[in-house]
Amino acid sequence: MTPAPLHVVPGACGHDCPDTCAWVVEVRDGRAERLSGDPEHPFTRGTLCAKVNHYLDRVYHPDRVLYPLKRAGRKGDGRFVRVSWDEALADIASRWNAIAAESGAEAILPYSSAGVQGLIQQESLDARLFGSMGCSGLDRKICGAVAAAGLSATIGCGTGIDPEQIVHSRFIVLWGTNTIVTNLHFWPLVREAQRRGAKVVVVDPIRTRTAEAADWHVQIRPASDAALALAMMHVMIRDGLVDHDYVSRHAVGYDALVERVKEYSPQQVARTIGLPAEEIERLAREYATTQPSLLRPLIGIEHHRNGAMQFRTLACLAVLSGAWKHRGGGLARSTHKLHFAVLDMDRVLMPEVHKPGVRVLNMRDLGKDLCDRDLRPPIRSLIVYGANPMVSMPNQARIREGLQRDDLFTVVHELFLTDTALYADYVLPATSQIEHLDLSPAWGHLYLALNRPAIEPPGESLPNTELFRRLARALGRTEPWLFESDESMLRGALASGHPWLDGITFERLWEEGYARLNCPEDWRPFANGGFATRSGKAELYSESLLEQGHDPLPWAGEIRAADGLQLITGKALHFLNSGYSNMEPLRRRAGDLFIEVHPEDARARRLASGDAVRVWNERGEVRAVCSVSDRVRPGVAWMPFGGFVDAGGTRRAVNVLTAEEPTDWGGGSGFYDAFVEVAPAEPLPQA
Ligand SMILES: Nc1nc2c(c(=O)[nH]1)N[C@H]1C(S)=C(S)[C@@H](COP(=O)(O)OP(=O)(O)OC[C@H]3O[C@@H](n4cnc5c(=O)[nH]c(N)nc54)[C@H](O)[C@@H]3O)O[C@H]1N2
Ligand SMILES: Nc1nc2c(c(=O)[nH]1)N[C@H]1C(S)=C(S)[C@@H](COP(=O)(O)OP(=O)(O)OC[C@H]3O[C@@H](n4cnc5c(=O)[nH]c(N)nc54)[C@H](O)[C@@H]3O)O[C@H]1N2
Ligand SMILES: [Mo]
């Protein structure tokens, strides 16, 4: 018998990750046999990651939700029965129509995040449908928004140079980012720069894998980054290491900044930062004098109460050094806006059809808002897609309490019965990335990829876009723009006429898989100033911040101190946020939920490695295994974020310990300003 022919279909990873890898799927007889990194793609270079190497196990996982499910037990206990799409859609539509008639459509909250990160599956027809209904809006500020807002206060935007230009840098500071774990495909470029003579510094309170691989680990106290940047500026100003030519042409507020940083000598702030003054001095001098120097932050430092200020001060540092003038110098963060500024997003989202003036709720506050009896109108229905807030948002206990409300009607569109889905009235089956069409812009590089569907959706699963078409129909809507096809929306987005998209057509992407935006190779966005601030210059002093009630000058920001250990809950190697934590062998490799505690703190609490411990604060408690480790500083503890059971086997996540703590500005969440106590627990039950 001749074997069925093999089809090779190019696509791109849709996970919320800066790397957006291009992949190739080998399909035989309708079944994906192999999925591997595209060897030709300059960023992917033929490799995937610890998670996506198991992507096909995710696609064909026996636990995938394949049919619409209706709740048959109490919320949270996981009993569901299979129903038809028609039945589910008709029921959802009639309930929503009733809620809208009684309380107004604002009583319905669509809740989505970047679970599928792509141009149309992440957000397109949903924005048109829910926007035109006048449902509550969602302020999606959990990831990246604070960084962008903080940088914008100084340089007018949240992006910097093309990250690939890092190979031209000579002094690289990976500032609060764990590249080897979270941005793996960027690491070879860091290495290449190192081979060409660059020094690689990591600023992180934890000795991460990335810190271990760097030339210099600056192990600061959490949230003291702004203080460190101010002390570095103090040294640069004092020692004549400022690029005065650049600053005088392209910045405002220098004299006021000079006054301000007088309070931040390395001696004065050494204790706050938790480093010897000499180390701060040396970092400042090497950073200023080794050009091109590059600051590379991702997300880590935005998850503190002073998150925006931390980013604002980093941007000031890059202005004083004049590094923007040099190839590979300045600051490199998310490239998200570079893609979205050249694609025609208004064509996709159609803001003109949205009802104006609707209430907007911050995603961080889901638990609080669901439990708020005074909220007018109350949230009576929730539809969640591309997100798992029960695990990923702060204050899990409060979210659980909210989702348990009998008078809340919850719909979840998912691939798996996540912790959020367990509380749904309806769970609707979603496609995986190899089953739908999308365009994949990247937040870690400038390659735009087309993701082609490689296999048929299993069971009755549907892409997000198709779900919203069917919901619109069930709601009795007839406007043609609620039913536009996926391909038509993608073609529309590509037809912006922006020169960076010249020649990047749907046909070309279909054939070639991806294309680099037509950004010049040697692109130095701020070499000659041109900042998109109100003054048109880099704002070391910011009138706009003053108007919003903030200090117009950079300062250390509010650094929270409390009893107990400051708990950092960072990204885990084997999980993608909460994703993959339901899968063997990834769960096995990640092991039981653990907490890393410094030897001094362990001694004071009589803890040893391997001990079963309780970790708690005023919000809740989890069980973990203790790991005594000098990867953390005294006073700091680390736990991985993402798993869905604690070490005692209870379905609760580290976010039981975090609060809906707003950041200074930018609307984010101070996850990492959580403080906990740790004590021995009774021995864990044998696994
Ligand atoms: N394997 C894996 N990869 C991922 C993800 C995942 O879950 N797993 N998630 C993806 C997502 S959504 C994102 S946003 C990115 C995030 O990518 P990163 O920003 O690199 O990841 P984080 O773990 O959020 O934080 C980075 C580092 O900041 C440090 N940090 C915490 N507080 C401070 C501080 O006050 N100062 C300094 N200097 N450092 C601090 C943490 O210890 C951590 O090592 O990763 C993406 N990639
Ligand atoms: N303590 C702590 N909390 C954190 C963080 C931290 O570092 N520490 N990091 C924060 C950050 S940076 C982020 S980005 C958030 C992430 O928080 P979330 O956005 O909630 O991320 P995930 O947990 O990955 O949940 C995404 C869900 O989308 C589903 N999904 C995937 N593809 C599709 C699709 O095509 N359609 C539909 N309908 N669903 C799909 C996945 O199965 C998954 O369950 O978490 C934040 N929470
Ligand atoms: Mo994120």
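Up top is the structure.
Residues numbered from 1 in each chain as written. Chains lettered and ligands numbered in written order. Predicted model: local features only at pLDDT ≥ 70, side-chain atom pairs only at ≥ 80, totals over all residues. Heavy atoms only, no water.

Draft legend 1. Region of the structure containing the site of ligand 2. Around ligand 2, a shell composed of 29 residues is seen, among which Ser 392, Glu 414, Asn 464, Ser 578 and Asn 655 lie nearest. With respect to ligand 2, the backbone of Gly 386 contributes an N or O atom lying 3.3 Å from a nitrogen atom. A distance of 2.8 Å separates a nitrogen atom of ligand 2 from a polar side-chain atom of Asn 464. Here ligand 2 loses 96% of its free accessible area of 920 Å² to cover by the protein chains. Listed by contribution, the elements that provide at least two residues to the shell around ligand 2 are strand 16 (409–414) and strand 22 (565–571). (Near = heavy atom within 4 Å. Polar contact = N/O pair within 3.5 Å; in protein donor to acceptor, adjacent residues only side chain to side chain. Areas by Shrake-Rupley, 256 points an atom, 1.4 Å probe, with all protein chains shown as cover. Helix = DSSP H or I, 4+ residues; strand = E, 2+ residues; numbered from the N terminus.)

Draft legend 2. Up close: the packing of helix 8 (residues 225–238) against helix 13 (residues 307–321). One can describe the packing of helix 8 onto helix 13 by two numbers: an axis separation of 8 Å at closest approach and a directional angle of 20°. The pairing of helix 8 with helix 13 is recorded here as roughly parallel in orientation. Of the two possible hands of crossing, helix 8 and helix 13 adopt the one that is left-handed. In this structure, helix 8 contributes Asp 225, Ala 226, Ala 229, Leu 230, Met 232, Met 233, Met 236 and Ile 237 to the contact, and helix 13 contributes Met 309, Gln 310, Thr 313, Leu 314, Cys 316, Leu 317, Leu 320 and Ser 321. Residue composition of the contact of helix 8 with helix 13, by class: 12 nonpolar, 3 polar and 1 charged. (Axes fitted to C-alpha atoms, helices over the stretch in contact; angles between N-to-C directions. Parallel < 35°, antiparallel > 145°, perpendicular 65-115°, else oblique. Left-handed = near helix turned anticlockwise from the far one by under 90°. Contact = heavy atoms within 4.5 Å. Nonpolar A, V, L, I, M, F, W, Y, C, P; charged D, E, K, R; others polar.)

Draft legend 3. View of the nonpolar core. In this structure, Trp 175, Leu 228, Leu 320 and Trp 324 are the most contacted members of the largest nonpolar core, which totals 80 residues. Looking at which element gives the most residues to this core, the answer is helix 8, with 10 residues. What Leu 228 contacts, discounting residues up to four positions off in sequence, is Trp 175, Val 203, Val 218, Ile 220, Ile 273, Ile 280 and Leu 283. (Core = buried A, V, L, I, M, F, W, Y, C linked by side-chain atoms within 4.5 Å. Buried < 20%, exposed > 50% of the residue type's maximum accessible area, 1.4 Å probe, protein only.)

Draft legend 4. Structural detail: helix 4 (residues 145–155). Of all 11 residues that make up helix 4, 9 are buried, and the element is covered over most of its length. Among the residues of helix 4, Ala 145, Val 146, Ala 147, Ala 148, Gly 150, Leu 151, Ala 153, Thr 154 and Ile 155 are the ones counted as buried. Contacts from the buried residues of helix 4 go to helix 13, strand 13 (330–331), strand 21 (538–539) and helix 22 (543–547). Two residues or fewer past helix 4, Gly 156 is found with a positive phi of approximately 85°.

Draft legend 5. Structural context of the pairing of strand 6 (residues 108–112). Within strand 6, 5 of the 5 residues are buried, which leaves the element mostly enclosed by the surrounding structure. Burial along strand 6 is two-sided: Ile 108, Pro 110 and Ser 112 and Leu 109 and Tyr 111, pointing in opposite directions, are all buried. By the bridge criterion, 5 bridges tie strand 6 to strand 15 (residues 381–385) in an arrangement that is parallel. Directly across from Tyr 111, in strand 15, lies its bridge partner Val 384. (Pairing = 2+ DSSP bridges.)

Draft legend 6. Up close: the site of ligand 1. Lining the immediate surroundings of ligand 1 are 34 residues, of which Asp 204, Ala 223, Asp 225, Phe 575 and Asn 577 lie closest. Here an oxygen atom of ligand 1 and a side-chain polar atom of Thr 177 are 2.8 Å apart. A distance of 2.7 Å separates an oxygen atom of ligand 1 from a polar backbone atom of Ala 223. Looking at the shell around ligand 1, the elements with two or more residues in it are helix 5 (179–182) and strand 22. By residue number, the principal contributor to the shell around ligand 1 is strand 22, which donates 3 residues.

Draft legend 7. Structural context of the packing of helix 2 (residues 85–103) against helix 19 (residues 464–474). The interhelical angle for the contact between helix 2 and helix 19, taken along N-to-C directions, is 60°, at an axis separation of 9 Å. Judged by the inter-axis angle, helix 2 sits oblique to helix 19. Crossing of helix 2 over helix 19 shows right-handed handedness. Judged by residue contacts, Trp 85, Leu 89, Ile 92, Ala 93 and Trp 96 of helix 2 engage Leu 467, Arg 470, Leu 471 and Ala 474 from helix 19. Across the contact of helix 2 with helix 19, the residue classes tally to 8 nonpolar, no polar and 1 charged.

Interpretation note: all reported values are geometric properties and have no functional meaning in isolation.
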